Amino acid sequence: MKLRYFSHSAVQLTTNSGIRILIDPFLDGNPTSPVKSDDVVADYIILTHGHGDHIGDSFAIAKRCNSLFICVNELANYCIAKGFRAHNMHIGGSYNFEFGRVKFTIAHHGSMTDDNYYAGEPAGVIITCDGKSVYHTGDTGLFYDMKLIREMNKINYMLLPIGDNFTMGIEDAVKAVSFVDPDVAIPIHYNTFPIIQADPNEFKLGCEKIKKYCRILHYGEEIEL
Ligand code: NI
Ligand code: MN
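(A) Quick peek at the pattern of salt bridges. Tallied over the entire structure, the rule returns six salt bridges. Residues Lys154 and Asp183 are paired through a salt bridge, measuring 3.1 Å at the closest nitrogen-oxygen approach. Of this pair, Lys154 sits in the loop between α4 (146-152) and β11 (157-161) while Asp183 sits in the loop between α5 (170-180) and β12 (184-188), placing them 29 residues apart in sequence. Relative accessible area serves as the criterion here: at 38%, Asp183 is assigned to the partly exposed category.

(B) Looking closely at the coordination of the manganese ion (ligand 2). Bound to the manganese ion (ligand 2) on the protein side are Asp53 (OD), His54 (NE2), Asp139 (OD) and His189 (NE2), at distances that span 2.1 to 2.3 Å. Read N to C, the donor residues that coordinate the manganese ion (ligand 2) are spaced as D-H-x84-D-x49-H. Between the two metals, the manganese ion (ligand 2) and the nickel ion (ligand 1), the spacing is 3.1 Å, and Asp139 donates to both. Here the residue Asp53 occupies a position in helix α1 (residues 52-55), and His189 occupies one in the loop between β12 and α6 (200-209), the gap between them amounting to 136 residues. The pair formed by Asp53 and His189 is uniform in burial state, with each residue classed as buried.

(C) Spotlight on helix α3 (residues 73-81). Within α3 the residues assigned to the buried category are Leu75, Ala76, Tyr78 and Cys79. End-on, the buried residues of α3 take up no more than an arc of 155°, which puts them together on one face. Looking at the buried side of α3, the elements it contacts are α1, α2 (58-65), β5 (68-72) and β6 (85-89). At the exit of α3 stands Gly83, carrying a positive phi of roughly 100°.

The rules behind these values
- Residues numbered from 1 in each chain as written.
- Chains lettered and ligands numbered in written order.
- Predicted model: local features only at pLDDT ≥ 70, side-chain atom pairs only at ≥ 80, totals over all residues.
- Heavy atoms only, no water.
- Salt bridge = Lys/Arg side-chain N within 4 Å of Asp/Glu carboxyl O.
- Helix = DSSP H or I, 4+ residues; strand = E, 2+ residues; numbered from the N terminus.
- Buried < 20%, exposed > 50% of the residue type's maximum accessible area, 1.4 Å probe, protein only.
- Donors = N, O, S within 2.8 Å, 3.2 Å for Na, K, Ca; no water.
- Arc of directions from axis to C-beta.
- Contact = heavy atoms within 4.5 Å.

This is the structure in structure tokens:
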């Protein structure tokens with residue numbers, strides 16, 4: 001499986017069989033993404049919550065690609081009400097899709113959409129595919145149950161916010177890495193806007209102090225997992 005980081009929380013997974021999964025594709029209104037919505041293709045779109053910087057360009061992409069949304073029930077129903085296809089799930093639940101397994105976790109945050117619809121609880125998501133697991137925490141503060149997430153799921157790659165203000169900042173994010181104990185920690189949700197400025201190298205140093213490996217991805221960079 002390949003992972004491409006666009007910036008902010010926007011990520012693309014491409015499976016070995018060529019299935020493309022977008023997570024939180026905020027591209028056109030995102031000043032740091034080198035890739036715009038017309039340039040991506042998605043068979044599936046996973047949304048962690050209803051905020052505009054996560055729904056992003058989902059609808060334009062889904063319209064062009066006939067993508068299937070995967071999200072918590074209320075947000076899935078919101079997508080369906082907008083005329084799209086969705087697979088409704090909820091926190092704690094897993095489902096085996098053609099590409100692999102998707103499991104939603106808790107996240108401590110909000111989830112109202114930009115047009116003021118309640119989109120259910122915000123979530124994190126664990127995707128297991130091609131023998132690797134990716135935990136995208138979504139927008140969240142630090143929470144102690146991350147230890148339980150680790151106990152129940154071996155996590156290879158953890159993508160977590162470090163930008164502070166709306167989510168964990170660096171210090172809390174390093175603690176989150178210690179709780180989840182991934183093979184690789186990847187910082188997200190920083191430097192997109194002035195209010196979430198953070199130095200990813202400071203996060204990396206924090207990870208090194210607890211003997212955890214951090215990989216900082218450049219905007220648009222794709223890595224093999
Ligand atoms: Ni948010
Ligand atoms: Mn956000």
